[in-house]
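# Commentary on secondary and tertiary structure
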Amino acid sequence: MPGKHAEQTTRVPVSTYRLQISEEFDLFEAARRLPYLHALGVDWVYLSPLLAAEPGSTHGYDVVAHDRIDPARGGEEGLAALSAEARRLGMGVLVDIVPNHVGVATPSEDAWWWDVLKLGRASEHATAFDIEWAAGDGRIRIPVIGDDDVEELPDGRTRIRNLRVVDTPDGAELLYHDNTYPVAPETWTEGDDPNDVHDRQHYELVHWQVADDGLNYRRFFAINTLAALRVEDPEVFAESHVEVRRWFDEGLVDGLRVDHPDGLRDPKRYLDDLADLTGGAYVLVEKILEPGEELPTSWATAGTTGYDALASIDRVLTDPAGQAPLDALEARLRGGPVDWERMVHGTKREVADGILNSEVRRITREVRRLLPDSWDPAERAAASTDRVVDAVAELLACFPVYRSYLPEGQEHLEHAFARARAERPDLEATFDVLLPVLSDPWTPPARRFQQTSGMVMAKGVEDCAFYRYSRLTSLNEVGGDPSVFSLDPAGFHEAMAERQATWPHAMTTLSTHDTKRGEDVRARITALAEVPGEWERTLNRLLELVPLPDPGFASLLWQAVLGAWLPTDPDLRDRLHGYAEKAMREAGDRTTWTEPDEAYEAAVHAAVDAAFDRDEVRATIEDLLARIVGPGWVNALTAKLLAITIPGVPDVYQGSELWEQSLVDPDNRRPVDFDRRAALLDTSPSLGAALDGALDDPGTAKLRVVHAALTLRRERADLFTSYAPVGAHGSATDHVLAYDRGGAIAVVTRLPVGLAARGGWGDTTLDLPPGRWHDVVADRPATDRLAELLDRCPVALLVKED
């Protein structure tokens, strides 16, 4: 049953194009690029966060003020200029907003945080932050003290080195290295010992490791410099949306993308408040759905930002025949069969016991505050602090989705309890205590548990297990379950028909600022499922030439090298080194961010260098690339046409109208050469020559596909109002995927290696409806014979000729 999105009467985008706004690419520059985006066929421009952020922030998710646009990103004048240009071109404007948290790395930049540090609970902004004052003895714990700056005194007290106090026109400040904090009124006089001054403040500078289990403010995931807001408080909501309200009051912005709604106390209520503020504008939510999970239809949103669609597209292009051999390879590399579910349980438990244990302990304190005074000793023993901490951590590790929204999602909580009881029968009595408390939507621990489960899932899966599981890394993507290997065409059609019926205006995407690999890196890696034997032989040879302590991680690394390999890219070596460091530290089983294993990391970096410096290694890589580059380009074009033409609002991530071979952030936020893209669009309006599988292919075929499909969707939206599969007959029907969107028929190639092995399309034909058809991609009359229809490009988009 459709939710509030079905009642949408305001403007809805036909498509969007994501731009990363920064100091180097500000709103004025974005406005200058809008004519190119319009010529490409884009309907709305989609902007990364605009509000004032931490100095030097390249992404904008560390907001420090809600009453102004970041001056470094163009300020109020920049948005006005961009909006005016968008209006001139008939384009809409979608903006990413961050309601869950603010940046506090530089306290003086965030006036609210600075005031709370200075005045404590007396600050007018104290209720804006989710702080448990009692757990810190009335002080906010700030984990910044390094190992070398903790001095144990003979009397058992701790002293902090490198503290000093300075007087400023706005009052005294406490300095620790480059960090600056306010000094509360009347807590300092000239000559005071800085440690004594520190002891009088409403905050306490503590060792960085205290973040694991001793923090008393909620964060964004485990990032200490992002403090969570309590937007469920009406005053906090109003004050944190002052500038957003102005955008809509003045008609500058048409829609919003809401970052991380799972961190909010009550996402449904927040979205209702947002709808009231914007007048029911188009709103998307960055919500990760697990397989089989559905977005609550009661939410005032048009849908998700598209990771669910991405997962379906990647899997319908993955050869199911590759699963068994790749399973066997992964088992050999890891020393035994790999159970994804067990791995995830382990990584989530590590997170709950480690970097997010402070959240677990806060839930525990809230649970124990609800215990009846009348309980007998046995009941109290079952609810001891240690047992509740253990049980809550186990429940978080067993939770099957990111979070519930009680009373919606009660079944997920019940699943977690059932699995936790099976995993830990010794905690049976403690689970009995927790079940009624965590099932009641109105109890503080139940609300906090819901906010925490998504944090544990994200850190345990996306930021850890995804880097430990290397069977086929194109499936290790946000919003996807790597254990789900493939999706057959019938399943894909069923999913898309359901999408059309329930969330027709949700976003579809292939690449975002959060994806682990750019769309065309994944497309090339996906081709390995069609040649698992060749991939295994290549990997064996690479492991002989460049032995690594962890062959499983080596598989993940070499897949990234294959996916991103572009010899003409002068930055590729540095990019791969950056990826390797992040991947092995996020995996966290051999080396970590806080305790790096120098020998292990040196071996991994040596492997990256060997790809460039050793002829045998490079030749081994390029021998396999000769087999998969062409099929990878086919997969890429197929994925792109699917993303643009399936039900939903397609988003083109900046630059991905040409090959998108970025790796994980910050690599995917590199500058985009828009001049080159504009020139190619002007000079290469036609399809040109067929793909030849060259490594240095310029991507003009992809540009043509994007331009043709976006333009048709914008100019003939009436052709995209329904969804029905289109059948085929002949010897190669397994390799074609086609559907009718209500007058526009998309036709794509799947499993291109297998198609070539059988000799091509042969006698295969499409079951086209009667009439004369035109392919807008190749710009020529269309035929039902696939050997002719797809002879120059592996995809086609058909419309009836007048």
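Quick note: structure is the one above.
### Concerning the overall build of the chain
Across its full length, the chain holds 27 helices and 26 strands. Relative to the globule expectation of 28 Å for 802 residues, the C-alpha radius of gyration of the chain, 27 Å, shows essentially globular dimensions. Among the 802 residues that make up the chain, the fraction classed as buried is 61%. Taking all contacts inside the chain whose residues are at least 6 apart in sequence as the whole, residues at least 24 apart take part in 74%. As displayed, the chain has an accessible area near 29,300 Å², and 49% of this comes from carbon and sulfur atoms. Distance from the positive charge centre (83 side chains) to the negative charge centre (138 side chains) of the chain: 2 Å.

### A look at the pairing of strand β13 (residues 223-228)
For strand β4 (residues 101-103) and β13, the ladder comprises three bridges, and the chain directions are antiparallel. Note that in β13 the partner of V102 across the bridge is A227. Across two bridges, the pairing between strand β12 (residues 219-220) and β13 is antiparallel. Paired with F220 across the two strands is I223, which belongs to β13. Remark: two residues form the turn of the hairpin made by β12 and β13, two consecutive strands paired antiparallel; F221 in that turn has positive phi of roughly 50°.

### So, the environment of E586
Structurally, E586 is set in helix α21 (residues 572-587). When its relative accessible area of 14% is taken as the criterion, E586 is described as buried. Among residues more than four places away in sequence, those in contact with E586 are D463, C464, Y467 and W593. Polar contacts involving the side chain of E586 include one to the side chain of W593, which spans 3.0 Å.

### As for unusual backbone geometry
With an omega dihedral of 5°, the bond running from L406 to P407 counts as a cis peptide bond. Mapping P407 onto the fold places it in the loop between α13 (385-398) and α14 (410-423). Across the junction of D665 and P666, the peptide omega takes the value 10°, indicating a cis bond.

Reading guide: rules and limits
Residues numbered from 1 in each chain as written. Predicted model: local features only at pLDDT ≥ 70, side-chain atom pairs only at ≥ 80, totals over all residues. Heavy atoms only, no water. Helix = DSSP H or I, 4+ residues; strand = E, 2+ residues; numbered from the N terminus. Rg over C-alpha atoms; globule rule 2.2 N^0.38 Å. Buried < 20%, exposed > 50% of the residue type's maximum accessible area, 1.4 Å probe, protein only. Contact = heavy atoms within 4.5 Å. Areas by Shrake-Rupley, 256 points an atom, 1.4 Å probe, with all protein chains shown as cover. Lys, Arg positive; Asp, Glu negative; His and termini not counted. Charge placed at Lys NZ, Arg CZ, Asp CG, Glu CD. Pairing = 2+ DSSP bridges. Polar contact = N/O pair within 3.5 Å; in protein donor to acceptor, adjacent residues only side chain to side chain.

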